[in-house]
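Fold and contact review
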Amino acid sequence: MCGIVGYVGEKKATPILINGLLKLEYRGYDSAGIAVIENNNIEVLKDKGRVCNLESIDGIDKLASTIGIAHTRWATHGKPSKENSHPHTDNSKTFAVVHNGIIENYNELRDFLISKGYTFYSQTDTETIPNLIHYYFSKDEINDNNRFLRAVRCACNDLKGSYAIEVISKLFPELCIVVRKDSPLVIGTGNKENYIASDIPAILSFTKNFYLLDDNEYTVITKDSISFYDNNLEKHNKAIKSIEWDASSAEKDGYDDYMLKEIFEQPNSIRETIGSRLKLDEKCDFEDLNFSKEYLSTINKIYIVACGTAMHAGLSGKTIIEKLCKIPVIVDIASEFRYRDPLIDNKTLCIYISQSGETADTIAALKLAKSKGAKTLAISNVIGSSITREADYSIYTHAGPEIAVASTKAYTSQIVLLAILAIYFAEILESSDKETLENLKSDILDLPTKIGIVLDNLEPIKDFAKSVYTQKDMFFLGRGTDYNVALEGSLKLKEISYIHSEAYAAGELKHGPIALIENGVTVIGIITDSSLVEKCISNIQEVITRGAKTLVISNQILPNNHFDYVIDIPSTSCLISPILSVIPLQLLSYYISKNKGLDVDKPRNLAKSVTVE
Ligand code: F6R
């Protein structure tokens, strides 16, 4: 969704702000803008469209300011337009604000401000913020250095909803004030300069040292200082964090697209996920977890809650945990779970999966479980992300920054981490025999090599993509855990190729959807569970008979091979086979999208991090 960048230092701010916005393009946006303080006035340059359009705005290269705020907008209130783009200013152009999130009571605030004589030029919820700051600033009779900060705090106290905001003022040309609530914001430190961003990759090439802001923590930033205040404006200290991601991991590195790079990074991202947590002949160890047999034995059920691809990883996790730990697992969509009044209590363990750690629905679902007394465990890729700060326990996938909107390496790392977690639980609970666990460990350790083998077999996938990219509809079929992969393959295809597709449990096809199968329709089958091979083949046979064109991804010996295309993948335990069988599907959507000439990394209407409901 929207992205935020800010700079306070000694260098020209504009190129740094634009560079940061370009790094945030992956989040998805429809407008971009910056505001700087130039000759004691606020200059705002903004428009709908791409960040690069900003660079051609007249006069932008002449801006010498060393302080500024910047934003990419993903429209919520008001269509994409110049007026609705951020930054927004108050009527007197004294304050400029960029904002991520949604102000739920903006109508009420707007009416209040109108009653006080303020006018509005945009349809956004954000425009209320600079005007509210101006309102409180004008009312404050104490003319000291904290007057600006007090005005921001008073304005924020009136806001309902979620926000990460940056504010500058022409009356205080040396400082920027930032604050967040339920929307990410970090501050990067440098030598006589400080950076602000909604996402670490935006400023990773400038610094590796970050402050991760907490909710309602007001922060005043100058080039030489960063001061943190609580809601009562009491000052406090805060620990700085070093982030180990290197800047090049957030670059394309010679690949045409981030998505392709991230698909090819999977042998390594899986190695990082495994890390020192899993070794043969040793018990699994999570540095940050200390579950006892006593506690694990009391768990009556596990909920895995997430959205989109992360939820699909959860489905594979369910299969593994139920098999190894004999605890029932329910997988739920976060946006459903949070309004379902789920049956949870202090004997329920709730696991939340989120690559970004900032997905609004997943965070809200976690808060709900906590309020009902459940223990919560977050799985995220982003250290210090909101979800990890809310949860009782957090473990990280360590897959490195994922920039492409379509999630690939995060998904495979999430399944690996769930598998290791399941083994860790099973070892404590003694719920599975040692041989089963050791075999699975060995299969997990072999994954990086086996992924390499899948990635070496690109040609048949490219050929198939070429033969089907003009289609309007596709079907993905699988049984058991292969059905989970079918769901993920179908989602990948929709989001980056804009081809409609459906995933079905193969046995369910004849209960309705088979009516859609006719000559030339593409059906993709996944077959990796030896106990289900024959059943699955029969189901695919049923669509072949009705004229379907078929691709099968399998690590089994397939009798009576009538399929148009078969992609062989290495064999492994069917508990973790999704990690291998999804890769041809990731590549297939990638090549179909390329054949269609689409923007793979920035699919229409989508955002990388969904920070609003
Ligand atoms: C699909 C995709 C989305 C995300 C979903 C959750 O490729 O990326 O479906 O998986 O928006 O995002 P996170 O994992 O950041 O909570």
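Residues numbered from 1 in each chain as written. Predicted model: local features only at pLDDT ≥ 70, side-chain atom pairs only at ≥ 80, totals over all residues. Heavy atoms only, no water.

**Describing the site of the ligand**
The environment of the ligand is made up of 13 residues, and the closest members are Ser354, Gln355, Ser356, Thr359 and Glu495. Interatomic distance of 2.6 Å between a side-chain N/O atom of Ser354 and an oxygen atom of the ligand. In the complex, 90% of the free accessible area of the ligand, which totals 410 Å², lies under the protein chains. At 3 residues, helix H9 (residues 308-325) tops the list of elements feeding residues into the shell around the ligand. (Near = heavy atom within 4 Å. Polar contact = N/O pair within 3.5 Å; in protein donor to acceptor, adjacent residues only side chain to side chain. Areas by Shrake-Rupley, 256 points an atom, 1.4 Å probe, with all protein chains shown as cover. Helix = DSSP H or I, 4+ residues; strand = E, 2+ residues; numbered from the N terminus.)

**Side note on the pattern of salt bridges**
Taken as a whole, this structure holds 29 salt bridges when the rule is applied. With a closest N to O distance of 2.7 Å, Asp361 and Arg338 form a salt bridge. Placement of the pair is Asp361 in helix H11 (residues 360-371) and Arg338 in the loop between helix H10 (334-337) and strand E18 (348-354), with a sequence separation of 23 residues. By relative accessible area, Asp361 is classed as buried at 12%. Among the ionic pairs, Lys492 bridges to Glu495, the shortest N-O distance being 3.3 Å. Highlighted residues: Lys492 and Glu495, both in helix H16 (residues 481-497), separated by 3 residues, approximately one helical turn. Among the ionic contacts, a cluster of salt bridges with common partners joins Glu10, Lys192, Lys223 and Asp224. (Salt bridge = Lys/Arg side-chain N within 4 Å of Asp/Glu carboxyl O. Buried < 20%, exposed > 50% of the residue type's maximum accessible area, 1.4 Å probe, protein only.)

**Things to note about the side chain of Glu38**
On the secondary structure map, Glu38 appears in strand E2 (residues 31-38). The side chain of Glu38 is buried and forms no salt bridge, while Lys12, the nearest opposite charge, is found at 8.1 Å. A distance of 2.9 Å separates a polar atom in the side chain of Glu38 from the backbone nitrogen of Ala64. If sequence neighbours within four positions are ignored, Glu38 has contacts with Glu43, Lys62, Leu63, Ala64 and Ser65. (Lys, Arg positive; Asp, Glu negative; His and termini not counted. Contact = heavy atoms within 4.5 Å.)

**So, the packing of aromatic side chains**
According to the stated counting rule, one finds 19 aromatic pairs in the structure shown. With a centroid separation of 5.3 Å and an interplanar angle of 50 degrees, the aromatic rings of Tyr7 and Tyr195 are classed as tilted. Taken together, the residues Tyr7 in strand E1 (residues 3-8) and Tyr195 in strand E10 (residues 194-197) connect sequence positions 188 residues apart. A residue is classified by how much of its surface remains accessible, and Tyr195, at 1% relative accessible area, is buried. Seen from their ring centres, Phe291 and Tyr295 are 5.5 Å apart, and the 20 degrees between their planes marks the pair as stacked. Pair check on accessibility: Phe291 and Tyr295 agree, each one buried. Three or more aromatic residues joined by ring pairs make a cluster, and in this case those are Phe286, Phe291, Tyr295, Tyr393, Tyr424 and Phe425. Taking the ring centre of Phe137 as reference, the NZ or CZ of Arg147 above it sits at 4.0 Å. If you follow Arg604 out to its NZ or CZ, it ends over the ring of Tyr498, 3.9 Å from the centre. (Phe/Tyr/Trp six-rings, centres within 6.5 Å; stacked < 30°, edge-to-face > 60°. Lys NZ or Arg CZ within 6 Å of the ring centre and 35° of its normal.)

**Considerations on the packing of H16 against helix H18 (residues 578-595)**
The contact between H16 and H18 brings their axes to 9 Å, and the two run at 20 degrees. In terms of axis orientation, H16 runs roughly parallel to H18. Note on packing geometry: the crossing formed by H16 with H18 is right-handed. Between H16, through Thr481, Val485, Glu488, Gly489, Lys492, Leu493, Ile496 and Ser497, and H18, the contact on the second element is made entirely by Pro578, Ser581, Val582, Leu585, Ser589, Tyr590, Ile592 and Ser593. (Axes fitted to C-alpha atoms, helices over the stretch in contact; angles between N-to-C directions. Parallel < 35°, antiparallel > 145°, perpendicular 65-115°, else oblique. Left-handed = near helix turned anticlockwise from the far one by under 90°.)

**Quick notes on the nonpolar core**
Among the nonpolar cores identified, the biggest contains 122 residues, and Ile302, Leu324, Ile351 and Ile444 are the most heavily contacted of them. In terms of residue count, the dominant contributor to this core is helix H13 (residues 409-429) (14 residues). Ile103, Tyr106, Tyr163 and Leu175 belong to the second-largest nonpolar core, a separate cluster that totals 32 residues. (Core = buried A, V, L, I, M, F, W, Y, C linked by side-chain atoms within 4.5 Å.)

**Things to note about the pairing of E2**
A regular strand carries its side chains on alternate faces of the sheet. For E2, the tally of buried residues reaches 8 of 8 residues, placing the bulk of the element in the interior. Covered by surrounding structure in E2 are Ser31, Gly33, Ala35 and Ile37 together with Ala32, Ile34, Val36 and Glu38, the residues of both alternating faces. Note: E2 against strand E3 (residues 41-48), 8 bridges, orientation antiparallel. Opposite Glu38, over in E3, you have Asn41 as the bridge partner. Here E2 folds back onto E3 in antiparallel fashion, the turn holding 2 residues, of which Asn39 has a positive phi close to 50 degrees. By the bridge criterion, 6 bridges tie E2 to strand E4 (residues 67-73) in an arrangement that is antiparallel. Of the residues in E4, the one forming a bridge with Ser31 is Arg73. (Pairing = 2+ DSSP bridges.)

**Observations regarding the sheet that holds E3**
One open sheet holds the 8 strands; their spatial order is E3-E2-E4-E1-E10-E9-E11-E15, and the pairing between them is antiparallel. Looking at which strands have only one partner, the edges of the open sheet turn out to be E3 and strand E15 (241-242). The sheet contacts of helix H1 (residues 13-23) involve E1, E2, E4 and E10, and relative to E4 the element is tilted by about 25 degrees.

**Comments concerning the domain arrangement of the chain**
The domain architecture assigned to the chain consists of domain 1 (3-243), domain 2 (250-445) and domain 3 (459-595). One C-alpha centre belongs to domain 1, the other to domain 3, and the line joining them spans 47 Å. (Domains from an automatic or database assignment.)

**Regarding unusual backbone geometry**
In the segment running from His86 into Pro87, the intervening peptide bond is cis, with an omega of 0 degrees. Mapped onto the fold, Pro87 is located in the loop between E4 and strand E5 (88-89). Phi is positive for Lys93, close to 55 degrees, though the residue is something other than glycine. Checked against the element boundaries, Lys93 lands in the loop between E5 and strand E6 (95-103). In this structure Lys93 comes out as partly exposed when scored by relative accessible area, which is 40%.

**Quick word on the sheet that holds strand E20 (residues 393-396)**
Across the sheet, which stays open at both edges, the 5 strands sit in the order E17-E16-E18-E19-E20 with parallel pairing between neighbours. Looking along the sheet, the strands with just one partner apiece sit at the ends: strand E17 (329-333) and E20. Between one strand and the next, the sheet's axes are offset by a mean angle of 20 degrees, whatever the strand orientation. Relative to E18, strand E16 (residues 301-306) runs parallel, the two sharing 5 bridges. Note that in E18 the partner of Val305 across the bridge is Tyr352. Packing against the sheet, H9 makes contact with E16, E17 and E18, and its axis sits at approximately 175 degrees to E17. Of the strands in this sheet, E16, E18, strand E19 (375-380) and E20 are in contact with H13, which crosses E18 at around 155 degrees.

**Describing the pairing of E19**
Of all the 6 residues making up E19, 5 are buried; the element is thus mostly covered by neighbouring parts of the structure. As judged from the 6 bridges shared by E18 and E19, these two strands associate in the parallel manner. Within E19, the residue paired with Tyr352 across the bridge is Ala378. Where the polypeptide runs from E18 across H11 and back to E19, its parallel neighbour, the crossover connection is right-handed. As defined by bridge partners, E19 adjoins E20 across 4 bridges and the pair is classed as parallel. Each residue of the ladder has a partner; that of Ala378, found in E20, is Ser394. (Right-handed = clockwise from strand over helix to strand, strands pointing away.)

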